[in-house]
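# Commentary on secondary and tertiary structure
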Protein chains: 2
Amino acid sequence: MSGRKAFDRVRVVLKDTTHPGNIGSTARAMKTMGIHQLYLVSPRTLIDASSHALAAGATDILSSAVFCNTLPEALAECTQVFAFSARRRDLSPTFITARVAAETAATNITADGEVALLFGGERSGLTNEDMGRAGYAVEIPTSSEYFSLNLSQAVQIAVYELRQALTKAPRAPQRDMPSQMQMEMFFTHCQEVLDNVNMPKRGDGGLLLARLRRLITRAEPDAAETRMLRGVLRAVQRRIMRADK
Amino acid sequence: MSGRKAFDRVRVVLKDTTHPGNIGSTARAMKTMGIHQLYLVSPRTLIDASSHALAAGATDILSSAVFCNTLPEALAECTQVFAFSARRRDLSPTFITARVAAETAATNITADGEVALLFGGERSGLTNEDMGRAGYAVEIPTSSEYFSLNLSQAVQIAVYELRQALTKAPRAPQRDMPSQMQMEMFFTHCQEVLDNVNMPKRGDGGLLLARLRRLITRAEPDAAETRMLRGVLRAVQRRIMRADK
């Protein structure tokens, strides 16, 4: 065990946020559910007086918010990333509901994982590239006629569900999970091998690496399995190099 | 059955609301979950421009909001009333959680009942007299250190839970899955390539193919993904064969 409490191993990551008020409301929503780590990736606004007004008693979360230029920085230590989106799209990982996401995250957190709940900007949400960095795409079930949840309302539901799941989660068997950075290195290695064997970059189902990424991420390989996969990739490369000589 | 749809037999009742913005955010929160009837009991403010701004696409709910002078007027047709409160008190009915409240309400609604979700003002919440008019006192579980949910955030959680309870049937995404035989052919193909690249059959973690099988099976690849993986295996074999010539 890392010693840090479960709720301290959850971060809310807001990317491209445009309204300072939403940052404040998000801080308040987080604090009501006992979650304190806020990451702001390339915000389009500063934290201002309206943020503080809407944060009410949660201004400590604003003061300790971490600013990042890129999404990978904000996700580096995370073992599981949940990307919230109202729009389903072809290349994203399979969508799960906020409740299933919370249960999945709670299991990971109680096994010492570090979890990110990721939300895009008010205007256009997350890009396909952002979604590709997440193991799970999450939708909050809404009316099909009007599904425009305010950003901080979406965060409120997400952290509420997570709190519900964490306060009843059974302890899962402990697995040693790779960090997001280790997974990125693995996928870079994958692309190298695909290039080595002259696989076309895209086919009927879209970008090959994105499809592989979705599949592997769904399997949640642990650290030993990730090492095994990299061992196979290295063996393929060695075999080709030797033959080429 | 009354003929009216289940979601139309739910009303949100706000009493003594002070912030016009919260009325707008509440309308938006309701509409995302398909609930349209808003009752305002002795509001301390008018619906103004800030209400409309925060309602976003839900201004129709503001336009059709029903104003009442007293709480009994707003609750007259209701068969069940759920009073939301952050403060437990002696004189109130037994507290249940928002999730249990939603399940209770859903049962009543599907049996043709008319349900009210009642929320007090931002400053002092509901009075003991108000609470006494409700069959159920509801609390939204929060952190014990900070439990100051914004009014519209509390409504958002309440209507979200109600929607979840009313639409319980889980729908699994339809995927075209490979047959067991196709999976066996895939794993045979895997072993062939592992042999081609001279991977040792077993390592620290046991039989390599068994570990790969466990990992891939956990990901539940669909038919297209299985074809993609076989495409990669074939590309590796072709590349080696060509180099060996």
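Structure's up top.
Residues numbered from 1 in each chain as written. Chains lettered and ligands numbered in written order. Predicted model: local features only at pLDDT ≥ 70, side-chain atom pairs only at ≥ 80, totals over all residues. Heavy atoms only, no water.

Each side of the interface is counted separately: chain A has 63 residues, and chain B has 60 residues. Viewed at the interface, chain B and chain A are joined by 7 salt bridges. B:E225 is the partner of A:R218 in a salt bridge, and the nearest nitrogen-oxygen pair spans 2.7 Å. Where chain A packs against chain B, one counts 25 residue pairs in polar contact (both at pLDDT 80 or more). Each residue belonging to the side of chain A that touches chain B can be placed in one class, and the counts come to 29 nonpolar, 16 polar and 18 charged. (Contact = heavy atoms within 4.5 Å. Salt bridge = Lys/Arg side-chain N within 4 Å of Asp/Glu carboxyl O. Polar contact = N/O pair within 3.5 Å; in protein donor to acceptor, adjacent residues only side chain to side chain. Nonpolar A, V, L, I, M, F, W, Y, C, P; charged D, E, K, R; others polar.)

Further remarks concern the pairing of strand 2 (residues 37-41) of chain B. Residue and element names in this part refer to chain B. Burial of strand 2 is extensive: 4 of the 5 residues sit out of reach of the surface. Where strand 1 (residues 10-15) and strand 2 come together, 5 bridges link them in parallel fashion. Residue pairing in the sheet places L14 in a bridge with L40 of strand 2. Between the parallel pair strand 1 and strand 2, the chain is carried across by helix 1 (residues 20-32), and the sense of this crossover is right-handed. (Buried < 20%, exposed > 50% of the residue type's maximum accessible area, 1.4 Å probe, protein only. Helix = DSSP H or I, 4+ residues; strand = E, 2+ residues; numbered from the N terminus. Pairing = 2+ DSSP bridges. Right-handed = clockwise from strand over helix to strand, strands pointing away.)

Glancing now at empty space enclosed by the protein. It is the rolling of a water-molecule-sized probe over the atoms that shows where space remains empty. Counted under the stated rule, the structure contains 5 cavities of 30 Å³ or more. Along the wall of the largest cavity there are 22 residues; nearest its centre are A:V232, A:L233, B:L229, B:V232 and B:L233. Elements with a minimum of two residues in the lining of the largest cavity: helix 8 (180-196), helix 9 (208-219) and helix 10 (223-244) of chain A together with helix 8 (180-196), helix 9 (208-219) and helix 10 (223-244) of chain B. Among the elements that make up the lining of the largest cavity, the one with the highest residue count is helix 8 of chain A (5 residues). For the lining of the largest cavity, a count of residues per class yields 22 nonpolar, no polar and no charged. The calculated volume of the second largest cavity comes to roughly 220 Å³. (1 Å grid on protein atoms, 1.4 Å probe; cavity = no way out; pocket = protein on both sides within 12 Å on 5 of 7 lines; lining within 4 Å. Points joined across faces, edges and corners; volume = space filled by probe spheres on them.)

Residue and element names in this part refer to chain B. One open sheet holds the 7 strands; their spatial order is 3-2-1-6-4-7-5, and the pairing between them is parallel. Edge positions in the open sheet fall to strand 3 (66-68) and strand 5 (95-97), since each of these has one partner strand only. Ignoring which end each strand starts from, the neighbouring axes of this sheet average 30° apart. Of the strand pairs in this sheet, strand 1 and strand 6 (residues 115-119) are connected by 5 bridges, and their pairing is parallel. Within strand 6, the position partnered with V13 by the bridge is L118. Sheet strands touched by helix 1: strand 1 and strand 2. Its angle to strand 2, the strand with the most contacts, is close to 155°. Helix 7 (residues 151-166) contacts strand 1, strand 4 (80-84) and strand 6 of the sheet and is inclined by roughly 155° relative to strand 6. (Axes fitted to C-alpha atoms, helices over the stretch in contact; angles between N-to-C directions.)

Another aspect to go through is the nonpolar core. Counting 85 residues, the largest nonpolar core has A:L117 and B:L117 as its most contacted members. With residues near it in sequence (within four places) discarded, A:L117 still touches A:V10, A:R11, A:V12, A:V13, A:F82, A:F84, A:A158, A:V159 and A:L162. Formed by 42 residues, the second largest nonpolar core is a distinct cluster that contains A:I216, B:F186, B:L215 and B:A235. (Core = buried A, V, L, I, M, F, W, Y, C linked by side-chain atoms within 4.5 Å.)

So, on to the side chain of B:T32. Following the sequence through the fold, B:T32 ends up in helix 1. One polar contact links B:T32 to B:Q156, side chain to side chain, over a distance of 3.5 Å.

Another aspect to go through is the packing of aromatic side chains. Evaluation of the coordinates by the stated rule reveals 6 aromatic pairs over all chains. Taken together, a centroid distance of 4.9 Å and an interplanar angle of 15° make the contact between A:F82 and A:Y136 stacked. A residue pair is termed long-range when its members are at least 10 positions apart, and A:F82 in strand 4 (residues 80-84) and A:Y136 in strand 7 (residues 136-139) qualify at 54 residues. A:Y136 gets classed as buried once you look at its relative accessible area, which sits at 10%. Above the ring of B:Y146, the side-chain terminus of A:K31 is found at 5.0 Å from the ring centroid. (Phe/Tyr/Trp six-rings, centres within 6.5 Å; stacked < 30°, edge-to-face > 60°. Lys NZ or Arg CZ within 6 Å of the ring centre and 35° of its normal.)

The α-helix winds at 3.6 residues per turn, so residues separated by three or four positions along the chain end up facing the same way. Residues and elements named next belong to chain B. Here helix 1 is 13 residues long and its end C-alpha atoms lie 19 Å apart, about the 18 Å a rise of 1.5 Å per residue gives. The element helix 1 is largely enclosed, with a buried count of 13 among its 13 residues. In the segment just after helix 1, G34 is the residue with positive phi, at about 80°. (Expected span 1.5 Å × (residues − 1).)

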